[in-house]
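Residues per chain are reported as follows:
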Amino acid sequence: MKAIFFLTILPALLGIVSSHPLSGDELLNITLALDSDIETRELRARGSWSVGKHVIAGEGTTLTARGLGLSAISRTPQSIQVFYSRGSVVGGYGALTEIHWEEGKQWQLNPMTHGLGTATSIRGFITALSRRSDREEVFYPYDDEIKSHHWTGTWQYSEEVHSNKYGGGKIAALANSANEMELFYVGQDGGTIRNSYWVENKTPWTHNLLVQAWEAKAHNKEIVAVRSGNDKYVFWMMTNGEIKSWHWWPSSGWWSGPFFPDANAWGGLAVVSRKAGEVELFWIGKDKKIYHSYNTGAWKVSRLSDTLAEANIEVVSRHENHMEIFWIRPDGAIYHKYWLGGVWSEGQVPGAGPGTCNPQSEITVVSRKSDTIEGWCKSNDYDLVHFYYYD
């Protein structure tokens, strides 16, 4: 990764540790305790972090990402793809842009100029998906529809209709299999939850009303989805600050799931499944602290961290005995908390102190193999900031 200017710093040895999973029937009543011996031992066992503004060789400047949208995927263990909007006006329309890296090569910049004029101009959140090693998909809002580009060696603009009554806001994407995709989004008809799915070489995009407005009461900023084995879960933020969920089982279809109170309606939401049958949900509470719920037969809720989060969070799992959540503090520092099968450890990402990110920035994180993590956020000057970890 010679194209990245970075500073490498050994991990800090300070943070908070709590046990996982919870025992008994503790609900919103977790005790956060400091155990410096356990934490120091675990942090020293890890590799090092690198942090810096992302520069592409030959471009001469950092990458500016003023528009909404930031999403990263790893199509193979030897490659990374990052999508963002290079808007010239903060929060306004921006040109959809991709940067990509392959092992042994430098980062490459690719303005997405197919299909929608000389530049693919979008306004809204970006969601990328890789359903197999020879395919990439990126979805984004364009007017009142969801559009996409797909990669099969070269990038192509898709003429298909990907949504019905799309109401704006984030788009959650799932790869149901190597040949099937599904999107979840908030509808424009009073806060409904809608989904659209596609099967390769069989059907065009099919659209469904999943949850009626009176039940969904969806806020269009946050919606996430995850597969766990053959099951599917979708979670969304309600206008009153509660989190609602629906689950799908192969034997019975869609069913209403639990809801979680006291979330920040404008805060972040993240979900991961480390292995089949286990789902972990994270969110920012009304008090701007991090909360966590997981399903081991019954959903349990705990306050995971007292370190404040401003707007967005992200979670990644390198393997079934690891998960790591990232967020941006109000002062712009990147914080993380990780679990390695026994305890939770928390601290500032080394080298990513105050002022690293815009507190309102999106944050995206991906693991391309079991010993790496790669993440991005936006600085106060809307430069793209790259932080990564190797064992």
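Higher on the page you've got the structure.
Just so we're clear, the structure is a prediction, and the values are computed from it rather than from any experiment.

### Here's the deal with the overall build of the protein chain
Looking only at helices and strands, the protein chain features two helices and 31 strands. Residues classed as buried in the protein chain amount to 57% of the 391 residues present. Put simply, of all contacts in the protein chain between residues at least 6 apart along the chain, 49% involve residues at least 24 apart. Surface summary for the protein chain: the accessible area is close to 15600 Å², and the carbon and sulfur share equals 49%.

### Observations regarding the pattern of salt bridges
Inspection of the entire model under this criterion finds 25 salt bridges. Its salt-bridge partner being Lys147, residue Glu145 comes within 3.4 Å of it at the nearest N-O pair. For Lys147, a relative accessible area of 12% gives the class buried. Arg274 is the partner of Glu280 in a salt bridge, and the nearest nitrogen-oxygen pair spans 3.4 Å.

### Examining the nonpolar core
Judged by nonpolar contacts, the single largest core of 17 residues is most densely connected at Phe235, Ile243, Phe260, Leu281 and Trp283. Of all elements in the fold, only β17 (218–228), β18 (231–238), β21 (269–275), β22 (278–284) and β24 (299–305) reach the threshold of two or more residues within this core. Aside from chain neighbours lying at most four places away, what touches Ile243 is Phe235, Trp236, Met237, Pro258, Phe259, Phe260, Ala263, Leu269, Leu281 and Trp283.

### So, the environment of Tyr185
Relative to the elements of secondary structure, Tyr185 occurs in strand β14 (residues 180–186). Excluding residues that lie within four positions of it along the chain, Tyr185 makes contacts with Ile146, Ser163, Asn164, Tyr166, Lys170, Thr192, Ile193, Arg194, Asn195, Ser196, His207 and Ile223. A distance of 2.9 Å separates a polar side-chain atom of Tyr185 from the backbone nitrogen of Asn164.

### Quick look at the packing of aromatic side chains
Centre-to-centre distance and the angle between the planes together describe a pair of aromatic rings. Following the criterion strictly, the structure yields 19 aromatic pairs and no others. Relative to Trp205, the ring of Phe139 has its centre 6.0 Å away and its plane inclined at 85 degrees; by these criteria the two rings are edge-to-face. Linking Phe139 in strand β10 (residues 135–142) with Trp205 in strand β16 (residues 203–211), this pair joins segments that are 66 residues apart in sequence. Classification of Trp205 as buried rests on a relative accessible area of 8%. Seen in terms of ring centroids, Tyr388 and Tyr390 are 5.4 Å apart; in terms of plane orientation they differ by 45 degrees. Their pairing is tilted. On the basis of relative accessibility, which here comes to 5%, the residue Tyr388 falls in the buried class. An aromatic cluster is defined as three or more aromatic residues linked by ring pairs; in this entry it consists of Tyr233, Phe235, Phe260, Trp283, Tyr291 and Trp299. Over the ring of Phe125 we find Lys170, and its NZ or CZ is 5.3 Å from the ring centre.

### With respect to the sheet that holds strand β9 (residues 127–132)
Strand order in this open sheet of four strands is β9-β10-β11-β12, and the pairing throughout is antiparallel. Whereas interior strands pair on both sides, the edge strands pair on one side only; in this sheet they are β9 and β12 (155–157). Going from strand to strand, the sheet's axes swing by 25 degrees on average, the running direction of each strand aside. Examined bridge by bridge, β10 and strand β11 (residues 145–151) share seven bridges and lie antiparallel to one another. Across the sheet, residue Tyr142 finds its bridge partner in β11, namely Glu145.

### Let's talk about the pairing of strand β27 (residues 334–339)
Extensive coverage of β27 is indicated by the burial of six of its six residues. Along β27, one buried face is formed by Ile334, His336 and Tyr338 and the opposite face, lined by Tyr335, Lys337 and Trp339, is buried too. Here β27 runs beside strand β28 (residues 343–348); their pairing, made up of five bridges, is antiparallel. Paired with Lys337 across the strands is Glu346, a residue of β28.

### Considering the pairing of β9
The pairing of β9 with β10 spans four bridges and is classified as antiparallel. The partner of Arg132 across the bridge, within β10, is Arg135. Remark: two residues form the turn of the hairpin made by β9 and β10, two consecutive strands paired antiparallel.

### Quick look at the sheet that holds strand β19 (residues 243–249)
The sheet built from four strands is open, its strands ordered β17-β18-β19-β20 with antiparallel pairing. In the strand order of this sheet, the two ends are held by β17 and β20 (253–256), each with one partner. Sheet twist, expressed as the average angle between the axes of neighbouring strands with direction ignored, equals 20 degrees. Note: β17 against β18, seven bridges, orientation antiparallel. Bridge pairing in β18 links Ile223 to Trp236.

How each quantity is defined
- Residues numbered from 1 in each chain as written.
- Predicted model: local features only at pLDDT ≥ 70, side-chain atom pairs only at ≥ 80, totals over all residues.
- Heavy atoms only, no water.
- Helix = DSSP H or I, 4+ residues; strand = E, 2+ residues; numbered from the N terminus.
- Buried < 20%, exposed > 50% of the residue type's maximum accessible area, 1.4 Å probe, protein only.
- Contact = heavy atoms within 4.5 Å.
- Areas by Shrake-Rupley, 256 points an atom, 1.4 Å probe, with all protein chains shown as cover.
- Salt bridge = Lys/Arg side-chain N within 4 Å of Asp/Glu carboxyl O.
- Core = buried A, V, L, I, M, F, W, Y, C linked by side-chain atoms within 4.5 Å.
- Polar contact = N/O pair within 3.5 Å; in protein donor to acceptor, adjacent residues only side chain to side chain.
- Phe/Tyr/Trp six-rings, centres within 6.5 Å; stacked < 30°, edge-to-face > 60°.
- Lys NZ or Arg CZ within 6 Å of the ring centre and 35° of its normal.
- Pairing = 2+ DSSP bridges.
- Axes fitted to C-alpha atoms, helices over the stretch in contact; angles between N-to-C directions.

Read these as layout, nothing more, since geometry by itself doesn't imply function.
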